[in-house]
Amino acid sequence: MADLLPGASWTRRADLAQLVRVLGAENMRWVGGAVRDTLLGLDVADIDAATTLEPEAVIARLKDAGITSVPTGIDHGTVTAVLDGGHVEITTLRQDVSTDGRRATVAFASDWRDDAARRDFTINALYAHPETREISDYFGGMKDLSNRRVRFIGDAGERIREDHLRILRYFRFHARFGSELDQDALDACEHQAETLKGLSRERVAKEVLSLLALADPYETVHLMARLGIWKVILPETGGKDLERLQSLIAAERAAGIAADPIRRLAALLPALPPVATEVGTRLRMSRAQRSRLSSAADRKLADAENPRGLAYSLGKERAIDRLLLTGADISPLNDWEPPVLPLKGGEIVARGVGAGPDVARILQTVEAQWVAEGFPDRTRVEAILDDVIAQ
Ligand code: ATP
Ligand code: MG
């Protein structure tokens, strides 16, 4: 009997049922992470569909049904449907005609097996019929899934020559699912490590941050370092830094703090803000991400002395970054939000200080004392103000 996709909250979504009606159940299958993760009983974040319809036909059908579509990867046959419950990436069945490791020239195909063959791993090439839920498995993905084995479709070396990013995808999926490693795949990744230099930095950054966002990527990063792969993407990581990643993960767990890829990346870099900024720029991170990475690199042992003072000046997120990275206790920040200084400039003027730089200076002095004393109440703030004005 054929395997079936189990029911999950997403398979019962009304907006997806409408999408199936619009495209036609016979013209489409669910594929990729949604199918794989549902078979494993995991939550599904984003949904991919494969279709025999060409992109123009997909766009036309969505338009007629009043569904917004975005031609996100039209060259590769991908159209994104914007539904109430989230985005769905709809990709026309394709075959890779030629590949140079960085980009593929594609041709649309009509055969599901051809489409499966161009995918990276057997567990990522499982298709589910949207109505019968029947699974189509052309390369033994079900068996690999039950053994939690990440296996390339075809020869690992060849598949990596077609698209070098698959090196990083291999390790990311291994960190997520893999129990058993495949020596051929490891050898191929090791031999072609240098080719990662030729990829667009955005694609590399996205994969690296997805790897670091997993529950426990330490063993995998360690393995990548041992094989000489990590240094190709992040030469700034030293031996000690790997240990810091391991301690950070343990500290996050002990404190009940969610994994965060930027903080994990900070653990893998030396505590030098200019290096962090350079890495952030190289990885094409946003300004906010770069600034956070550089703040994490600016950590000092003294940060642990007044965790609340640190959170008051940097914000809670950045304070937690620095404290966890230095192995300091973050419990003073539990159920605590930085308060607002209970004093306004106008009150200082009301005490006879002329409006201008003096007011700002007094306000700063009072604030510093208030922070140092652990944020006492208004009565104490008034007393501090009296002292400062009398000085
Ligand atoms: P997740 O979204 O949970 O990270 P996913 O498997 O859905 O995992 P996506 O990057 O969303 O990964 O890609 C969707 C599918 O497209 C994959 O399951 C795979 O079949 C195919 N795919 C994506 N990137 C590649 C690639 N570089 N080479 C071959 N196939 C790929
Ligand atoms: Mg996906």
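Residues numbered from 1 in each chain as written. Chains lettered and ligands numbered in written order. Predicted model: local features only at pLDDT ≥ 70, side-chain atom pairs only at ≥ 80, totals over all residues. Heavy atoms only, no water.

**Notes on the pattern of salt bridges**
Heads up, the condition is: Salt bridge criterion: a side-chain nitrogen from Lys or Arg within 4 Å of a carboxyl oxygen from Asp or Glu. The buried label goes to any residue with under 20% of its type's maximum accessible area, the exposed label to any with over 50%, and the partly exposed label to all in between, with areas taken from a 1.4 Å probe on protein chains only. Secondary structure elements are defined from DSSP: runs of H or I of at least 4 residues count as helices, runs of E of at least 2 residues count as strands, and each element is numbered from the N terminus.
All told, the structure shown has 34 salt bridges when counted by the stated rule. Here Arg13 ties to Asp15 by a salt bridge, and the two come within 2.9 Å at their closest N and O atoms. For Asp15, a relative accessible area of 10% translates into the label buried. With a closest N to O distance of 3.1 Å, Asp241 and Arg244 form a salt bridge. With Asp241 and Arg244 both in helix α12 (residues 239-255) and three residues apart, this pair spans about one turn of that helix. Among the charged side chains, a network of salt bridges with common partners joins Glu252, Asp260, Arg263, Arg264, Arg292, Glu317 and Asp321.

**Quick notes on the pairing of strand β6 (residues 94-99)**
What counts is decided by this rule: Whether two strands pair comes down to DSSP finding at least two bridges between them.
Two strands pair when backbone bridges link them, and β6 and strand β7 (residues 104-108) are joined in this way by five bridges, in the antiparallel orientation. Within β7, the residue paired with Asp96 across the bridge is Val106. Following β6, the chain reverses through four residues before pairing antiparallel with β7; Gly101 in that reversal takes a positive phi of roughly 90 degrees.

**Quick notes on the domain arrangement of the protein chain**
The test is simple: Note that the domain bounds reflect an automated or database-derived domain assignment.
Once the domains are mapped, the protein chain shows domain 1 (1-147) and domain 2 (345-390). For domain 1 and domain 2, the distance between their C-alpha centres works out to 62 Å.

**Regarding helix α10 (residues 218-226)**
All buried positions along α10 are accounted for by Tyr218, Thr220, Val221, Leu223 and Met224. Positive backbone phi, at 80 degrees, marks Gly228, one or two positions downstream of α10.

**What about the side chain of Glu252?**
Defined as follows: In what follows, residue pairs with any heavy atoms lying within 4.5 Å of each other are defined as contacts.
Secondary-structure assignment places Glu252 in helix α12. If we skip the residues at most four places from it in the chain, Glu252 touches Ile257, Ala258, Ala259, Asp260, Arg263, Arg264 and Leu324.

**Regarding the coordination of the magnesium ion (ligand 2)**
Six octahedral donors around a metal ideally subtend angles of 90 or 180 degrees, whereas four tetrahedral donors ideally subtend 109.5 degrees. Keep this limit in mind: Donor selection uses N, O and S atoms within 2.8 Å of the metal (3.2 Å for Na, K and Ca). Since no water is included, sites may look incomplete.
Ligation of the magnesium ion (ligand 2) by protein atoms is provided by Asp46 (OD) and Asp48 (OD), these donors lying 2.4 to 2.7 Å from the ion. The class for Asp48 is partly exposed, based on a relative accessible area of 21%.

**Section: the environment of Thr281**
Mapped onto the elements, Thr281 comes out in helix α14 (residues 273-282). Separated by 80 residues in sequence, Thr281 and Arg201 place their C-alpha atoms 9.9 Å apart.

**Comments concerning the sheet that holds strand β4 (residues 78-83)**
We count it as follows: Here, axes are lines fitted to C-alpha atoms. For helices the fit covers the stretch in contact, and angles between N-to-C directions go from 0 to 180 degrees.
With respect to topology, seven strands assemble into an open sheet ordered β3-β4-β5-β2-β1-β8-β9, the strand pairing being mixed. In this open sheet, the two edge strands, each paired with only one partner strand, are β3 (68-73) and β9 (135-137). Within the sheet, the average angular offset between the axes of one strand and its neighbour, ignoring direction, is 30 degrees. Taken together, the four bridges between strand β1 (residues 28-31) and strand β2 (residues 47-51) define a ladder with antiparallel strand orientation. By the bridge assignment, Met28 is partnered in β2 with Thr51. Docked against the sheet, helix α3 (residues 55-64) engages β2, β3, β4 and β5 (86-92), running at close to 15 degrees with respect to β4.

**Re the packing of helix α15 (residues 287-297) against helix α17 (residues 316-325)**
Our working definition: Roughly parallel means an angle under 35 degrees; roughly antiparallel, over 145; roughly perpendicular, 65 to 115; everything else is oblique. Helix crossings fall into two classes, left-handed where the near helix is turned counterclockwise from the far one by less than a right angle and right-handed where it is turned clockwise.
Put simply, α15 and α17 touch, their axes get as near as 9 Å, and they point 40 degrees apart. With respect to each other, α15 and α17 are oriented oblique. Remark: the crossing between α15 and α17 carries right-handed chirality. Here Ala288, Ser291, Arg292, Ser295 and Ala296 of α15 lie close against α17, whose contacting residues are Glu317, Arg318, Asp321, Arg322 and Leu325.

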